[in-house]
Amino acid sequence: MTSTRQSPEFRNDITVLYEQWQEYRSDIKLVEGLGNYEPVTIVEKDGVGEKGKPAYYPTKYEEQVINAIDTYGINSVVSDLIALNRSIPDTRNDECQHWHYPQRLPNTSVIIVFHNEALSVLMRTFHTVIFRTPEHLLHEIILIDDFSDIENLKDELENKIYGDTYYNKVKIFRNKKREGLIRSKINGVLKATGEVVAFLDAHCEVNVNWLPPLLTPIVKDHRTMTVPFVDGIDFNTFEYTPVYGKDALPKGIFEWGMFYKEKGLTKYELQNRKHYSEPYYSPTHAGGLFAINRQYFIKLGIYDPGLLIWGGENFELSFKIWQCGGSIQWVPCSRVGHIYRAARYSFADITDNIVAPIDQYNYKRVIEVWFDDKYKEFFYTREPLTRFIDVGDLSSQIELKSNLNCKNFDWYMENIASDVLTQYPYPPKNLYWGEIKTASTGLCLDILNGDLPRKIGVRECHKMGGSQLFRLNTKGQLSNGERCIEIINNTPHIDFCQIGKVNGAWRYDFEDKQFYEQRTDKCLTLEVPSDNLIFEECDDRNPFQIWEFNQLNPWV
Ligand code: UDP
Ligand code: MN
């Protein structure tokens with residue numbers, strides 16, 4: 001290697017950002033002793049759930065526990081047994097104790113939106129914020145009740161908050177109707193008066209010294225949004241464990257159906273880091289937990305108020321931050337525990353008469369504003385039914401993008417998110433897509449339920465897409481969503497598509513209507529009367545090898 005210059009393809013905007021960040025590193029210091037915002041002592045008590053250990057409940061509560069998990073997706077009976085200020089393990093890298101952050105940091109409004117959360121779980125969330133945040137940095141805690149109908153979240157919650165001076169920074173506002181988490185967060189931002197707003201789900205526990213490292217990059221550049229590392233809290237035992245290994249440096253990305261994904265840093269990014277625990281840039285974020293300058297967030301239009309209930313807002317915010325001149329940094333020294341619930345509540349009754357799935361509706365609103373035409377096609381290829389969804393008026397969002405002089409998606413892909421393609425390459429066009437119906441018995445190919453990989457089967461055709469929506473692309477990959485049909489033990493199985501792969505061995509001929517697999521040289525065959533799918537020598541007179549590939553539109 002003789003060249004001293006970087007190859008031109010590396011001179012993208014992220015390179016420039018990393019150079020600036022390098023300069024900035026000189027004013028936050030790693031020191032010998034404890035960092036300036038580190039608590040001097042951390043009390044480690046014994047008791048139920050202390051030290052983040054799993055907690056168990058007496059068997060006499062069995063029935064209540066079943067009810068609790070049914071209502072909240074969380075074992076609130078166990079939560080009630082655990083102290084609000086229980087001790088939890090410090091999951092940070094050891095280095096994190098030794099950072100000096102700027103003396104002057106912005107004051108912060110912590111915003112927590114909730115709908116029908118368990119009272120003690122919600123209370124523990126804001127209790128830990130007061131407990132583990134330097135007083136002068138905590139401006140207020142704003143609770144937005146998204147039209148909960150559980151009794152103890154009304155008077156009992158208010159009595160607890162307003163009857164205890166420990167909670168005198170907590171303010172509660174209630175939506176007059178169910179708005180969903182996106183509009184509830186918008187409401188929270190409009191109520192807040194702190195310089196920075198930080199968001200938490202209503203089932204979190206913040207960890208030691210979580211806030212100063214989130215605020216520091218925002219001080220350097222007010223257009224930076226910062227994201228803590230999420231730890232896991234078990235929904236049943238409340239055991240507190242890190243989600244990521246000690247050395248993991250994940251960043252948020254997406255695949256072309258707009259599922260949120262993560263991947264490690266690139267070699268280039270790793271080389272440009274001096275310390276394990278310093279922040280780094282990320283193309284997207286998961287959504288629930290982050291901090292951002294309030295005025296800047298408002299300038300960005302907060303979230304598109306046309307998004308429904310839940311989902312996709314993390315991408316909207318990520319794309320608009322990057323495309324309109326800001327950046328996203330993930331912060332390894334900021335840790336927040338989050339309960340991953342057992343079940344998700346149904347949104348069926350609150351979707352303003354939208355018949356399509358709300359996440360797909362939201363994704364389409366987001367990509368129609370922020371993607372260029374070329375990239376929109378990738379989304380529609382991966383989710384063909386979304387082409388038919390009417391997502392309403394987008395003119396105010398498009399106007400915002402133009403008023404803020406935002407860059408296009410090509411710029412974002414080339415400069416900020418190019419390594420998404422190593423995991424999720426552009427999907428080749430679909431040759432065929434729709435339901436796959438056997439000519440013999442009229443049933444439809446169905447991926448069924450259960451763990452992956454698993455056998456696929458046939459079911460009554462339901463014409464709703466989902467488990468019966470298949471795509472065969474021009475490179476021979478046969479898939480359902482982000483899963484692919486592969487041959488395992490000579491039987492067709494469904495499994496996650498291999499990362500980085502968009503090709504396969506399938507061929508379908510609209511004339512002879514057979515599914516031919518090139519590696520095995522065999523055809524997809526329905527076995528009767530078992531209704532199992534098997535793999536047999538191709539024979540175009542075999543009616544159990546004849547399949548129709550029919551397009552669908554469930555939303556008409
Ligand atoms: N939430 C809300 N209204 C809704 C749905 C959710 O206020 O219609 C709140 C919920 O109580 C939680 C936050 O929004 O505090 C994020 O929702 P959730 O935890 O279900 O999202 P997940 O963590 O599963 O992505
Ligand atoms: Mn959550």
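Overview of the structure.

Basis of the calculations
Residues numbered from 1 in each chain as written. Chains lettered and ligands numbered in written order. Predicted model: local features only at pLDDT ≥ 70, side-chain atom pairs only at ≥ 80, totals over all residues. Heavy atoms only, no water. Helix = DSSP H or I, 4+ residues; strand = E, 2+ residues; numbered from the N terminus. Rg over C-alpha atoms; globule rule 2.2 N^0.38 Å. Buried < 20%, exposed > 50% of the residue type's maximum accessible area, 1.4 Å probe, protein only. Areas by Shrake-Rupley, 256 points an atom, 1.4 Å probe, with all protein chains shown as cover. Lys, Arg positive; Asp, Glu negative; His and termini not counted. Charge placed at Lys NZ, Arg CZ, Asp CG, Glu CD. Donors = N, O, S within 2.8 Å, 3.2 Å for Na, K, Ca; no water. Phe/Tyr/Trp six-rings, centres within 6.5 Å; stacked < 30°, edge-to-face > 60°. Lys NZ or Arg CZ within 6 Å of the ring centre and 35° of its normal. Pairing = 2+ DSSP bridges. Axes fitted to C-alpha atoms, helices over the stretch in contact; angles between N-to-C directions. Left-handed = near helix turned anticlockwise from the far one by under 90°. Contact = heavy atoms within 4.5 Å. Nonpolar A, V, L, I, M, F, W, Y, C, P; charged D, E, K, R; others polar. Disulfide = S-S within 2.5 Å. Salt bridge = Lys/Arg side-chain N within 4 Å of Asp/Glu carboxyl O. Polar contact = N/O pair within 3.5 Å; in protein donor to acceptor, adjacent residues only side chain to side chain.

Focus on the overall build of the protein
Secondary structure assignment for the protein yields 15 helices and 27 strands. Relative to its length of 556 residues, the protein is compact, with a C-alpha radius of gyration of 26 Å against a globular reference of 24 Å. Expressed as lengths along the three principal axes of its C-alpha atoms, the size of the protein is roughly 80 × 75 × 45 Å. Across the 556 residues of the protein, 55% fall into the buried class. Here the protein displays about 24400 Å² of accessible surface, and carbon together with sulfur accounts for 50% of that area. In the protein, the 62 positive side-chain charges and the 77 negative ones have mean positions that sit 4 Å from each other.

Focus on the coordination of the manganese ion (ligand 2)
On the protein side, the manganese ion (ligand 2) has Asp201 (OD), His203 (NE2) and His338 (NE2) as donor atoms, found 2.1 to 2.2 Å from it. In the primary sequence, the donor residues of the manganese ion (ligand 2) line up as D-x1-H-x134-H. In this pair, His203 is assigned in the loop between strand E6 (196-200) and strand E7 (204-206) and His338 in strand E14 (residues 327-339), connecting sequence segments 135 residues apart. Looking at His203, the relative accessible area reads 5%, which means it is buried.

So, the packing of aromatic side chains
Going through the model one piece at a time under the given rule, you end up with 41 aromatic pairs. Centre to centre, the rings of Phe254 and Trp256 are 5.4 Å apart; their planes meet at 90°, and the pair counts as edge-to-face. Judged by centre distance (5.2 Å) and plane angle (80°), the ring pair of Tyr432 and Tyr508 falls under edge-to-face. Here Tyr432, found in strand E15 (residues 430-438), pairs with Tyr508, found in strand E23 (residues 506-508); they are 76 residues apart in sequence, far enough to count as distant. Among the aromatic residues, those joined into a ring-pair cluster are Phe254, Trp256, Phe315, Phe319, Tyr363, Phe371, Tyr375, Phe378, Phe409, Tyr412 and Tyr426. We note Lys407 situated over the ring of Trp411; from NZ or CZ to the ring centre the distance is 4.2 Å.

Quick look at the sheet that holds strand E24 (residues 515-517)
Read from one edge of the open sheet, four strands run E23-E24-E25-E26, paired in antiparallel fashion. Either end of the sheet is taken by a strand with one partner, and the two such strands are E23 and strand E26 (532-537). Across this sheet, the average inter-strand angle for adjacent strands is 40°, counted without regard to direction. Pairing between E23 and E24: three bridges, direction antiparallel.

Here we look at the packing of helix H11 (residues 358-370) against helix H13 (residues 395-403)
Relative to each other, H11 and H13 sit at 40°, their axes nearing to 9 Å. Considering how the two elements wind past one another, H11 and H13 form a crossing that is right-handed. Here H11 contributes Arg365, Val369 and Trp370 to the contact with H13, which in turn contributes Gln397, Ile398 and Lys401. For the contact of H11 with H13, a count of residues per class yields three nonpolar, one polar and two charged.

Overview of the state of the cysteines
Under the counting rule described, the total for this entry stands at five disulfides. Sulfur-sulfur distance for the disulfide between Cys96 and Cys333 comes to 2.1 Å. Its torsion about the S-S bond being -85°, the disulfide of Cys96 and Cys333 is classed as left-handed. Linking Cys96 in the loop between helix H3 (76-81) and strand E2 (99-100) with Cys333 in strand E14, this pair joins segments that are 237 residues apart in sequence. Summarising the burial analysis for this pair, Cys96 and Cys333 share the class buried. Paired through a disulfide, Cys324 and Cys406 show a sulfur-sulfur distance of 2.1 Å. On the sign convention where negative is left-handed, the bridge of Cys324 and Cys406, at about 100° about the S-S bond, is right-handed. Of this pair, Cys324 sits in the loop between helix H10 (313-323) and E14 while Cys406 sits in the loop between H13 and helix H14 (409-415), and the two are 82 residues apart along the sequence.

Digging into the environment of Leu443
You can see Leu443 is positioned in the loop between E15 and strand E16 (444-446). Taking relative accessible area as the criterion, Leu443 reaches 15% and is therefore assigned buried. For the pair Leu443 and Trp547, spaced 104 residues apart in sequence, the C-alpha to C-alpha distance is 9.8 Å. Not counting the four nearest positions on each side in its chain, Leu443 is found in contact with Ile436, Lys437, Thr438, Val458, Arg459, Glu460, Cys461 and Asp531.

Thoughts on the pattern of salt bridges
All told, the structure shown has 32 salt bridges when counted by the stated rule. Salt-bridge contacts for Lys320 lead to Glu316; the nearest nitrogen and oxygen are separated by 2.8 Å. Taken together, the residues span about one helical turn, with Lys320 and Glu316 both in helix H10 at a distance of four residues. There is no split in this pair, since Lys320 and Glu316 are both buried.

Overview of the side chain of Glu38
Mapped onto the elements of the fold, Glu38 is located in the loop between strand E1 (29-30) and helix H2 (62-72). Given the relative accessible area of 10%, Glu38 is considered buried. A distance of 2.8 Å separates polar atoms of two side chains, one belonging to Glu38 and the other to Arg92. Once residues within four sequence positions are removed from consideration, Glu38 is found in contact with Arg92, Cys96, Gln97, Val208 and Asn209.

Some points on unusual backbone geometry
Following Leu452, the chain continues to Pro453 via a peptide bond in cis, the omega torsion being -10°. Tracing the sequence through the fold places Pro453 in the loop between E16 and strand E17 (454-455). A positive phi is found at Ile302, a non-glycine position, where the angle reads about 50°. Examined against the element boundaries, Ile302 turns out to sit in the loop between helix H9 (294-299) and H10. Unusually for a residue other than glycine, Asp531 sits at a positive phi of about 65°.

The values are spatial; any link to function lies outside them.
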